[in-house]
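Single-letter residue listing:
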Amino acid sequence: MRIVIFKLYNIGDALLLTPTLTALRKGYPNAEITVVTRETNLGILQGCPTVDHLIGMSDPREPRSGALLHDIRAIWNLRRTRFDYLFELSGRQRGRNLAALCRTCRAYSVRTIQPLSGLRRLQFDAMAAHDCRRGHLVERDFFSVHEFLPLPTPIPPLVFDRKYAQVWSGADGLDSFAVLQVGTREGFKRSHAAGWRKLAQHLLERLPNLVATSGAAPDEIAEAEALHDYFG
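Throughout, a residue's number is its position along its own chain's written sequence, starting from 1. With the structure being a predicted model, the display of local features is reserved for residues of pLDDT at least 70 and the display and counting of side-chain atom pairs for 80 or more, all residues being used for whole-chain, interface and lining totals. Excluding hydrogens and water, the side-chain values take into account all heavy atoms of the structure.

Chemist: Give me the sheet that holds strand 1 (residues 2-7): which residues, what numbers.
Modeler: On the basis of which strands lie adjacent, the open sheet formed by six strands has the order 3-2-1-4-5-6 and parallel pairing. Edge strands, defined here as strands with exactly one partner in the open sheet, are strand 3 (53-57) and strand 6 (126-127). Strands in contact with helix 2 (residues 18-27) are strand 1 and strand 2 (32-38); relative to strand 2, the strand with the most contacts, it is inclined by about 165°. Note on definitions: a residue-residue contact is assigned when non-hydrogen atoms from the two residues lie within 4.5 Å. Axis definition: a line fitted to C-alpha atoms, limited for helices to the stretch in contact. Angles are taken between N-to-C directions and run from 0 to 180 degrees. Numbering of helices and strands runs from the N terminus; a helix is a DSSP stretch of H or I covering at least four residues, while a strand is a stretch of E covering at least two. Helix 4 (residues 67-79) contacts strand 1, strand 2, strand 3, strand 4 (82-88) and strand 5 (103-109) of the sheet and is inclined by roughly 145° relative to strand 3. At least two bridges found by DSSP between two strands are what make those strands a pair.

Right under this line is the structure:
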């Protein structure tokens, strides 16, 4: 049995997919599991041993030379395989459009605020009944697949093989600390400089150390460095 899962979303959401991937492997040990995600998520999913094939797609928010050709090749490679089950779990139009290009016996999408319409209703067999507005995203992924392809319960934990992690020397001696992730890919979640300082102050009143982290975007790095300069 061949299964392909589309999760064209951010890196954290890719990690939240790993319990569902673990359950798929446990329930269907001989299945060939392919995951299609953003290129920036490949590293986090390499730490999930249940995936047979990882396919990275470009991030449309970060244009780069050759991205379109890369995506065309990725889709062509996907079309060479006829899948038994396809699950599109991002619930957004780009993921659904790319998933619709694949050859599959049964295709399903997650329920979101963006309903299936027009031709998409013909290209997908059904939309999951699970209400994504309630509960955790791990539950949304798990039960959206479980509805059409029964999975063993309870829901497994997150999976990341520590051999894929790099050790940060700055953690030596830290035994009581909070981690503050500065910045986010989703603009509506972003705070401003005063907001980050207020949150950092709140944490430092309760713990002796604060570790500020960020993504690779220059504005996120600047926000993390500003916290360091302000608090020392």
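Chemist: Just give me the short version of the nonpolar core, but keep the residues and values in it.
Modeler: Residues enter a nonpolar core if they are buried and are Ala, Val, Leu, Ile, Met, Phe, Trp, Tyr or Cys, with the set joined through side-chain atoms within 4.5 Å. For each residue, the accessible area found with a 1.4 Å probe, counting protein chains only, is set against the maximum for its type, and the residue is called buried under 20%, exposed over 50%, and partly exposed in between. Counting 26 residues, the largest nonpolar core has Ile 3, Ile 5, Leu 21, Leu 24, Phe 87 and Leu 149 as the members making the most contacts within it. Mapped onto this core, the elements with two or more residues apiece are strand 1, helix 2, strand 2, helix 3 (42-46), strand 4 and helix 7 (137-146). Of the residues forming this core, the biggest block, three residues, is contributed by helix 2. Ignoring anything within four residues of it in the chain, the contact list for Leu 24 reads Ile 3, Ile 5, Ile 33, Val 145, Leu 149 and Leu 151. Among the nonpolar cores identified, the runner-up in size contains 16 residues, and Leu 8, Ile 55, Ile 75 and Leu 78 belong to it.

Chemist: Help me get a handle on the packing of aromatic side chains, residues and values and all.
Modeler: Each Phe, Tyr or Trp ring (for Trp, its six-membered ring) is paired with any other whose centre lies within 6.5 Å, and the angle between the two planes then decides the class: stacked below 30 degrees, edge-to-face above 60, tilted in between. For the structure on display, the rule yields five aromatic pairs. Each ring, one from Phe 87 and one from Tyr 108, has its centre 5.7 Å from the other, and the planes form 25°; the classification is stacked. Placement of the pair is Phe 87 in strand 4 and Tyr 108 in strand 5, with a sequence separation of 21 residues. Grouping aromatic residues by their ring pairs yields a cluster made of Tyr 85, Phe 87, Tyr 108 and Phe 148.

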